[in-house]
Amino acid sequence: MRRELMIHGATGYTGRLLARAAAAHGLRPILAGRDAARLRAVAEPLRLPYRVVAADDGRQQRDALRDVRVLLNAAGPFATAPPWHDACLEAGAHYLDVAGELAVFAALEQRDETARRREVMLMPGVGFLVVAADCLAAHVAARLPGARRLRIGTSRSLRLSRGSLKTMLTLVADAVTVRRDGVLTRVALGAVEHAFDYGDGPRRSTAMSMPELITAFRTTGVGTIDACVEVSAVERAAFQLAARMAWLVRHPLAQVALHTQAELLPEGPAPAPGDGAARAVVVEAEDARGHVVGARLRTPEAYRFTAAAALAIAGRVLRGELQPGFQTPARVYGADFALAIDGTRREDLARA
């Protein structure tokens, strides 16, 4: 008999949020991770089963999925997740994660045909970073049939978990990726910028190597996409310095030192005052004649949004609402899916 859901990475900040939210909604997922003591500390108060699974043991991972229908992976950095991708394909378990690394999406996209043959759905990015932008991109593209370009902007975060910071440290580079005429293309960091109105006037944002370059393309078919993140003047200067010093930051000794420093931070994100934790995503679509339409999505705090969205998608997959192959949230569940998350609202912006 198959159990319903496994949450891997249940001892991390996001994993614990997912475990608690799942238990509160009457789900009884299996919690999985590498450390038995930490797993027990999370699982026992919630009265949930757990399994200890080595990160580098493919056979153990396949065995852990023997009675699982859906794996929800919350263990970053997600560049280490390919063994779980293999295990899901072999076990026939649907794969979800909350990844934000472009390379992870590109790797899973290459497994689309295999997943279709095995009737397995692969859907990375079921958290804030992709769900909000993907749903909004689908909505905006529908408002401008024939759109040739999408610009996607995400407001800056004042809250960052230790795990998210460690993932970011592995991604430091002197160039970023954009999409041009359907092709992923590298450009210098800082070469592509745009001003988005996240709700309090235009804010400078710079293109980064974001997963929306794959998901928005798959969802809308629009071939030229910039995915940007809001930056302050200080952050912009830091990015430019990082671009010049990327070779040094990527050095193995530097990575060890930076990850050691990251371990000294609190595991969860630092609290933000007032409404500082709220987020906004803006998408603009432009056609060949220069007509522009846009919309803005305001969401609650990103980790809270992630827990709600990820479990909502997991629940729908468990009910059989899925499409085999590599998929995106809006492509399967529609542009309005994000609006079902409490505290989320969408505003259409004036045409230009």
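Parameters at a glance
Residues numbered from 1 in each chain as written. Predicted model: local features only at pLDDT ≥ 70, side-chain atom pairs only at ≥ 80, totals over all residues. Heavy atoms only, no water. Buried < 20%, exposed > 50% of the residue type's maximum accessible area, 1.4 Å probe, protein only. Helix = DSSP H or I, 4+ residues; strand = E, 2+ residues; numbered from the N terminus. Pairing = 2+ DSSP bridges. Phe/Tyr/Trp six-rings, centres within 6.5 Å; stacked < 30°, edge-to-face > 60°. Lys NZ or Arg CZ within 6 Å of the ring centre and 35° of its normal. Expected span 1.5 Å × (residues − 1). Polar contact = N/O pair within 3.5 Å; in protein donor to acceptor, adjacent residues only side chain to side chain. Contact = heavy atoms within 4.5 Å.

Draft legend 1. How the structure looks around the pairing of strand S14 (residues 292–299). Most of S14 is tucked away: 7 of the 8 residues are buried. Inspection of the sheet shows strand S13 (residues 279–286) paired to S14 by 8 bridges, in the antiparallel sense. Directly across from glutamate 286, in S14, lies its bridge partner valine 292.

Draft legend 2. Structural context of the packing of aromatic side chains. By the definition in use, this model includes 4 aromatic pairs. Seen from their ring centres, tyrosine 13 and tyrosine 303 are 5.2 Å apart, and the 90° between their planes marks the pair as edge-to-face. Highlighted residues: tyrosine 13 in helix H1 (residues 13–24) and tyrosine 303 in helix H12 (residues 302–318), separated in sequence by 290 residues. Above the face of the phenylalanine 217 ring, arginine 179 is positioned so that its terminal group lies 4.0 Å from the ring centre.

Draft legend 3. Representation of H1 within the structure. Helix length check: H1, at 12 residues, gives a terminal C-alpha distance of 17 Å against a target of 16 Å (1.5 Å per residue), a fit within 8%. Note on H1: the residue one or two positions beyond its end, glycine 26, has a positive phi of about 80°.

Draft legend 4. Region of the structure containing the side chain of asparagine 73. Within the fold, asparagine 73 resides in strand S4 (residues 68–73). In this structure the side chain of asparagine 73 is engaged in a polar contact, spanning 3.0 Å, whose partner is the side chain of histidine 8. Of the polar contacts made by the side chain of asparagine 73, one reaches the side chain of tyrosine 95; its length is 3.1 Å. Contacts of asparagine 73, omitting those with residues within four sequence positions, involve His8, Phe78, Ala81, Tyr95, Leu96, Asp97 and Val98.

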